[in-house]
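Chain by chain, the residues run as shown.
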Amino acid sequence: CFCGCRKTQSEYLISAIGFDNNGGMLNTCFEAVIINSETQSEELKIIEVQGETPEECVKNLSRKSTQGYLLSHCGVLIIGQSVTEKQLNGIYDFCFKNPDITLSVLLAETENAKMLLSGKPVSTISVGYDIMWLIKQYSENRNINFKNRCFEIISQSEKPPLPKIQPISEGYYLENY
């Protein structure tokens, strides 16, 4: 890995985190890339946990998973439309205070984060990295400057709209703006 992280067989690289509201609790899906250096193979796994806050969800991930995990590889946070404003502010606060999540992480919105992340990757190793690529390409091709990096959202009193990602049978698309 070129980012300076330690790479072992016993850790998951978290590529995306999805949040949905489920009865007032955050239903959180961690998309984990598992790279086996011995067999030169890659595996994608969704680990689902619940908690009142993102911090509690990370603790529950630690309890549920026998593997270690690296949040520093998370490239996108997927926010389900069911997430409340209070929960969303908690997600922003979590990103700001957690040194393992980069403040340049992208945020996107979808109807159901779990459903989106449970799909099959199209062009990269993970759905999360595909979505990062999709947002970048859409932005460049249409000359749109999304303000959807965590630090851009946190710094504004009026929160900008997030890019809306919708799953389709063979991948996903970004709704027009």
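All values derive from a computational prediction rather than experimental measurement.

A. A look at the overall build of the chain. When you go through the chain residue by residue, the secondary structure sums to five helices and eight strands. Starting at the N terminus and ending at the C terminus, the chain contains elements arranged as β-β-β-α-β-β-α-β-α-α-α-β-β. In terms of overall dimensions, the chain is globule-like: its C-alpha atoms have a radius of gyration of 16 Å, near the 16 Å expected for 177 residues. Expressed as a percentage of the 177 residues in the chain, the buried residues total 45%.

B. Focus on the layout of surface pockets. In this structure, the largest pocket encloses a volume near 280 Å³. Lining the largest pocket we find 17 residues, and of these Leu-106, Ile-135, Lys-136, Asn-148 and Arg-149 sit closest to its centre. When residues of the lining of the largest pocket are assigned to their parent elements, the largest contribution, four residues, is made by helix α4 (residues 127-142). Within this model, the second largest pocket holds a volume of roughly 190 Å³. In terms of lining residues, the second largest pocket is bounded by 13 residues, among which Ile-79, Leu-88, Tyr-92, Lys-159 and Leu-162 are the most central.

C. Up close: a nonpolar patch on the surface. Together, Phe-96, Leu-103 and Phe-151 make up a nonpolar patch on the protein surface, roughly 290 Å² of accessible area in all. Along the chain, Leu-103 turns up in the loop between α2 (85-97) and β6 (106-110). Given the relative accessible area of 30%, Leu-103 is considered partly exposed.

D. Fine view of the state of the cysteines. For the structure on display, the rule yields zero disulfides. Cysteine Cys-74 is unpaired, with the sulfur of Cys-95 as its nearest cysteine sulfur at 7.7 Å.

E. Region of the structure containing the environment of Ile-135. Considering the arrangement of structural elements, one finds Ile-135 in helix α4. According to the relative accessible area criterion, Ile-135 is buried, its value standing at 4%. Separated by 28 residues in sequence, Ile-135 and Pro-163 place their C-alpha atoms 7.6 Å apart. Residues contacting Ile-135, with those up to four places away along its chain left out, are Leu-106, Ala-108, Phe-146, Asn-148, Pro-163, Ile-165 and Leu-174.

Rules behind the numbers
Residues numbered from 1 in each chain as written. Predicted model: local features only at pLDDT ≥ 70, side-chain atom pairs only at ≥ 80, totals over all residues. Heavy atoms only, no water. Helix = DSSP H or I, 4+ residues; strand = E, 2+ residues; numbered from the N terminus. Rg over C-alpha atoms; globule rule 2.2 N^0.38 Å. Buried < 20%, exposed > 50% of the residue type's maximum accessible area, 1.4 Å probe, protein only. 1 Å grid on protein atoms, 1.4 Å probe; cavity = no way out; pocket = protein on both sides within 12 Å on 5 of 7 lines; lining within 4 Å. Points joined across faces, edges and corners; volume = space filled by probe spheres on them. Patch = residues over 30% accessible without salt bridge, like charges linked within 9 Å, V, L, I, M, F, W, Y side chains within 5 Å. Areas by Shrake-Rupley, 256 points an atom, 1.4 Å probe, with all protein chains shown as cover. Salt bridge = Lys/Arg side-chain N within 4 Å of Asp/Glu carboxyl O. Disulfide = S-S within 2.5 Å. Contact = heavy atoms within 4.5 Å.

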